[in-house]
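Read off the chains here:
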Amino acid sequence: MSDSGNMVEVKGLSKAYGQRRQEKYAVYNVSFAICKGEILGLVGESGCGKSTLGRLLLRLERPTKGEIYFDGQDITGYSFTEMRKIRDRMQMIFQSSANAFNPYYTVRQIISEPVMNYRKTDAGERDALMTEMLEKVGLDSSYLNRYSHELSGGQRQRVGIARALILGPDFVVCDEAVSSIDFVLKKQILKILAEQKKKNGFTYLFISHDMAAVKAVCDRIMVMYLGNIMEILPEAEAKALHPYTQALLAAVLEPDPNVKREKKILFKESGELAIPEAGCVFWPRCLYATETCMHRSPELREIYDGHFVACHYMKNKRTLEENA
Amino acid sequence: MILMSNTPVLQIKNLKTYFYSRDSVVKAVDGVNMEVHSGRITALIGGSGSGKSVMSRSVMGLIDKPGKIVDGEIWLNGRDLRLLSEKEMRKVRGKEIAMIFQEPAAAMNPVVKIKDHLFEAVHTHDRKARRKDKMPAFREVLLGVGLRDPDKILESYPFELSGGMCQRVMVAMGIVANAGVLIADEPTSSLDLTTQISILEELMSLRDAGIAIILITHDLGVVAQTADDMYVMKDGKIIESGTVREVFAAPKHPYTRYLMEPVHVEELR
Ligand SMILES: Nc1ncnc2c1ncn2[C@@H]1O[C@H](COP(=O)(O)OP(=O)(O)O)[C@@H](O)[C@H]1O
Ligand SMILES: Nc1ncnc2c1ncn2[C@@H]1O[C@H](COP(=O)(O)OP(=O)(O)O)[C@@H](O)[C@H]1O
Ligand SMILES: [Mg+2]
Ligand SMILES: [Mg+2]
């Protein structure tokens with residue numbers, strides 16, 4: 001039923017944690033698609049639901065509401081066994097994956113596990129496959145017999161990527177895969193991911209709070225706030241229209257001492273971040289909020305070609321900007 | 001008005017810290033020279049494993065076996081810290097020099113409440129301070145580092161807070177320590193950009209109040225927008241140093257140039 005150009009598509013997807021009265025939405029009524037072969041960036045402050053959304057797309061969690069399509073199949077209600085049949089087509093790379101391995105496993109044990117689970121191969125074929133993959137991430141076959149604890153953090157991170165990509169997945173969720181690692185390694189890993197996408201046509205959801213990394217590799221950028229999508233930028237360099245995206249971007253520090261950061265505070269500091277009783281989730285911190293915003297929640301609308309914004313006051317804001 | 005003196009408050013000369021194992025020696029810090037001035041932020045950058053944290057812990061006198069400072073001098077306020085006893089060093093730590101650790105979870109006792117951690121940081125240099133009197137100041141500082149519910153935080157234990165929150169508490173401890181030299185070891189690396197800004201602004205106001213800050217980071221945006229001087233470290237050695245403007249305008253070492261060259265967007269997409 002779903003458009004064949006989409007690797008992943010979700011409709012009205014929500015996830016609530018907690019029981020009845022206490023329940024809290026980590027992801028609320030989101031609808032979007034990721035095209036085949038694209039890298040979609042996902043940004044937002046911590047706790048806004050990025051990881052939850054990533055896990056939902058891979059059906060590592062059950063949604064509270066909504067539908068999830070993977071390459072045209074509705075996988076929303078798939079059982080464990082049904083999911084297992086397509087698990088090798090989807091993978092996750094996360095920040096702590098580097099530390100998640102048993103330190104007394106060898107690299108061979110770590111990387112061969114998914115191959116043994118999903119592919120009929122003999123030891124020779126597996127070694128060839130693993131060597132090829134290790135070379136792609138800038139290591140070589142001499143690492144196969146090394147123990148995880150003997151590797152540097154960066155080497156372990158690469159082993160994690162090799163393991164995630166070895167089955168040639170169609171779709172990969174990278175959850176903070178380059179956050180808080182040093183720049184040398186960050187550059188290398190971004191290159192590996194981008195190369196794999198180019199050569200093998202992988203599709204990624206690239207979750208990160210590092211705006212510079214997101215801008216460098218992503219085709220489009222999606223912005224979340226308290227479980228809701230605020231804006232989808234049709235390209236990495238597109239001008240942000242939502243006040244929340246503008247505030248996030250204003251916090252990016254330019255790596256140039258001659259460009260002075262403007263000390264502009266673009267949103268209100270509030271108490272505990274909490275979903276307001278009614279209206280737009282962002283209104284308590286928005287500099288432009290009006291009565292309407294406090295009562296009515298804005299829908300995510302396509303403002304023009306592929307640029308989606310959830311805000312009542314698009315026109316006014318553009319005027320504000322132009323006058324600024 | 002702060003008078004900028006030309007004498008560095010902290011001067012590190014030919015510092016060498018090695019780690020020994022049965023069959024090898026890791027020269028984590030291998031002949032570092034560095035000068036840190038009051039009222040300036042000195043950035044220390046370098047890839048992971050280049051020796052930044054070991055250098056900082058050496059200055060704090062916190063190197064344990066199998067590590068050892070094998071050579072060099074660490075001059076702080078007119079004396080060489082290497083010649084002090086552990087008892088004398090304990091007085092220096094927290095009073096004259098404080099450190100925000102890279103791994104807050106490891107640096108904070110899990111069964112001590114945040115308010116007591118903060119009080120300990122004050123008590124080290126101000127023996128007469130009373131816990132009760134300090135609470136309003138603690139609330140201010142916690143708000144300053146972007147912790148929105150200070151009363152709840154003060155009564156929490158470290159294990160009840162997220163990693164990012166602990167990192168901010170660690171920064172707050174560094175601030176209330178009120179030491180003349182503050183070493184901040186990657187204080188914002190796992191935080192949101194919006195939170196990062198508030199922490200950097202706190203550090204800049206400490207700088208403006210005359211404190212010398214060593215800021216360890218791997219974010220060139222942070223260096224460019226906050227620091228005055230910078231040192232680039234690689235394999236335990238300082239390979240380049242200068243004012244931030246000088247180094248950004250004309251990086252001399254090929255490694256520094258490699259770091260500064262932006263990720264090529266087109267090539268990646
Ligand atoms: N298993 C869980 N049980 C209860 N609450 C959760 C669980 N996982 C996440 N949450 C909550 O959902 C919200 C979104 O979390 P998360 O998806 O991890 O955000 P992000 O990845 O953007 O930091 C947070 O408020 C978090 O506390
Ligand atoms: N306790 C230790 N035992 C052995 N080697 C250590 C220890 N601590 C650090 N090292 C080594 O010292 C070098 C420098 O580490 P570190 O100062 O933590 O780097 P950075 O902070 O620049 O990332 C690394 O090679 C590291 O493995
Ligand atoms: Mg997350
Ligand atoms: Mg370190």
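Residues numbered from 1 in each chain as written. Chains lettered and ligands numbered in written order. Predicted model: local features only at pLDDT ≥ 70, side-chain atom pairs only at ≥ 80, totals over all residues. Heavy atoms only, no water.

A. Inspection of the interface of chain B and chain A at higher detail. Taken together, the 35 residues of chain B in the interface contact 43 residues of chain A. Counting across the chain B and chain A interface gives 0 salt bridges. Applying the counting criterion to the chain B and chain A interface returns 10 residue pairs in polar contact (both at pLDDT 80 or more). Elements that contribute at least two residues to the side of chain B that touches chain A include exactly helix H8 (193–208), helix H9 (220–226), helix H10 (244–249), helix H11 (254–260) and helix H12 (265–268) of chain B. With 6 residues, H8 of chain B is the single largest residue contributor to the side of chain B that touches chain A. A breakdown of the residues in the side of chain B that touches chain A according to their chemical character gives 16 nonpolar, 10 polar and 9 charged. (Contact = heavy atoms within 4.5 Å. Salt bridge = Lys/Arg side-chain N within 4 Å of Asp/Glu carboxyl O. Polar contact = N/O pair within 3.5 Å; in protein donor to acceptor, adjacent residues only side chain to side chain. Helix = DSSP H or I, 4+ residues; strand = E, 2+ residues; numbered from the N terminus. Nonpolar A, V, L, I, M, F, W, Y, C, P; charged D, E, K, R; others polar.)

B. Structural context of the site of ligand 2. Residue and element names in this part refer to chain B. Looking at ligand 2, the residues that line it are Phe 19, Val 26, Ala 28, Gly 47, Ser 48, Gly 49, Ser 50, Gly 51, Lys 52, Ser 53, Val 54 and Arg 57. One nitrogen or oxygen atom from the main chain of Gly 49 is found 2.7 Å from an oxygen atom belonging to ligand 2. In this structure, an oxygen atom belonging to ligand 2 sits 2.8 Å away from a side-chain N or O atom of Lys 52. Going through the elements one at a time, strand S2 (24–36) and helix H1 (52–59) are the ones with two or more residues in the shell around ligand 2. Tallying contributions element by element places H1 first for the shell around ligand 2, with 4 residues. A breakdown of the residues in the shell around ligand 2 according to their chemical character gives 4 nonpolar, 6 polar and 2 charged. (Near = heavy atom within 4 Å.)

C. Local environment of the sheet that holds strand S8 (residues 212–216) of chain B. Residues and elements named next belong to chain B. If you trace the 6 strands from one edge of the open sheet to the other, you get S6-S7-S8-S3-S9-S10, paired in mixed fashion. The open sheet terminates on both sides in strands that have one partner only, identified here as strand S6 (97–100) and strand S10 (237–243). The mean angle between the axes of side-by-side strands here comes to 15°, regardless of whether they run parallel or antiparallel. Looking at chain direction, S6 and strand S7 (residues 181–185) are connected through 4 bridges and run parallel. Each residue of the ladder has a partner; that of Met 99, found in S7, is Ile 183. This element, helix H7 (residues 163–177), spans S6 and S7 of the sheet and lies at about 170° to S6. (Pairing = 2+ DSSP bridges. Axes fitted to C-alpha atoms, helices over the stretch in contact; angles between N-to-C directions.)

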